[in-house]
Amino acid sequence: MDITQANRIAVYEVPLPLSILLNSDEIFLTNAVKGIIWVGAYRQKRYFSQTARKLNELLNKSVEVEAEI
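So, a few notes on the structure that sits alongside this text. (Residues numbered from 1 in each chain as written. Predicted model: local features only at pLDDT ≥ 70, side-chain atom pairs only at ≥ 80, totals over all residues. Heavy atoms only, no water.)

Topic: the side chain of Ser49
Moving on, step 1. Its location among the elements puts Ser49 in the loop between strand E4 (45-46) and helix H3 (50-68).
Moving on, step 2. Within the structure, the side chain of Ser49 is placed 2.6 Å from the side chain of Arg53, a separation counted as a polar contact.
Moving on, step 3. Leaving out residues up to four positions away in the same chain, Ser49 has contacts with Glu26 and Trp38. (Helix = DSSP H or I, 4+ residues; strand = E, 2+ residues; numbered from the N terminus. Polar contact = N/O pair within 3.5 Å; in protein donor to acceptor, adjacent residues only side chain to side chain. Contact = heavy atoms within 4.5 Å.)

So, a nonpolar patch on the surface
Moving on, step 1. On the surface, a cluster of nonpolar side chains totalling about 560 Å² of accessible area is made up of Tyr12, Val14, Leu16, Ile20, Leu29 and Ile37.
Moving on, step 2. Along the chain, Tyr12 falls in the loop between helix H1 (2-6) and helix H2 (18-23). (Patch = residues over 30% accessible without salt bridge, like charges linked within 9 Å, V, L, I, M, F, W, Y side chains within 5 Å. Areas by Shrake-Rupley, 256 points an atom, 1.4 Å probe, with all protein chains shown as cover. Salt bridge = Lys/Arg side-chain N within 4 Å of Asp/Glu carboxyl O.)

Here we look at the nonpolar core
Moving on, step 1. By size, the foremost hydrophobic cluster in this structure holds 5 residues: Ile9, Ile36, Ala52, Leu55 and Leu58.
Moving on, step 2. The element best represented in this core is H3, accounting for 3 residues.
Moving on, step 3. Excluding residues within four positions of it along the chain, Leu55 makes contact with Thr4, Ile9, Val11, Phe28 and Ile36. (Core = buried A, V, L, I, M, F, W, Y, C linked by side-chain atoms within 4.5 Å. Buried < 20%, exposed > 50% of the residue type's maximum accessible area, 1.4 Å probe, protein only.)

Comments concerning unusual backbone geometry
Moving on, step 1. With phi around 50°, Arg8 is a residue other than glycine that occupies positive phi space.
Moving on, step 2. Positive phi outside glycine occurs at Arg43, with the angle close to 55°.
Moving on, step 3. Within the secondary structure layout, Arg43 lies in the loop between strand E3 (41-42) and E4.
Moving on, step 4. Assessed through its relative accessible area of 58%, Arg43 is described here as exposed.

Remarks on the pairing of strand E1 (residues 27-31)
Moving on, step 1. Where E1 lies against strand E2 (residues 35-39), 5 bridges are found, and the strand directions are antiparallel. Among the inter-strand pairings, Phe28 is bridged to a residue of E2, identified as Trp38. (Pairing = 2+ DSSP bridges.)

As for the layout of surface pockets
To find leftover empty space, one rolls a probe the size of a water molecule over the atoms.
Moving on, step 1. By volume, the largest pocket amounts to about 810 Å³.
Moving on, step 2. As for the largest pocket, its lining consists of 26 residues, and the residues nearest its centre are Met1, Val11, Tyr12, Phe28 and Thr30.
Moving on, step 3. For the lining of the largest pocket, the leading source of residues is E1, giving 5 residues.
Moving on, step 4. Of the residues that constitute the lining of the largest pocket, the class distribution is 16 nonpolar, 6 polar and 4 charged. (1 Å grid on protein atoms, 1.4 Å probe; cavity = no way out; pocket = protein on both sides within 12 Å on 5 of 7 lines; lining within 4 Å. Points joined across faces, edges and corners; volume = space filled by probe spheres on them. Nonpolar A, V, L, I, M, F, W, Y, C, P; charged D, E, K, R; others polar.)

Note that all results are geometric; they support no functional claim without further evidence.
Put into structure tokens, the structure is as follows:
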């Protein structure tokens, strides 16, 4: 969440009722082990992955910078 705020990316952490799933442009899941996991589809709805890809890049850069310190 800190990375999204620092890069002015609007990300919302919300419960996932069906109406949110079907009205979202993009959905991804996160955890400490797997990082950012893009959801490609739910039922007949297909989702984009642009934000998830950008966040993965930013997260990887952040980890690299911390490893150098």
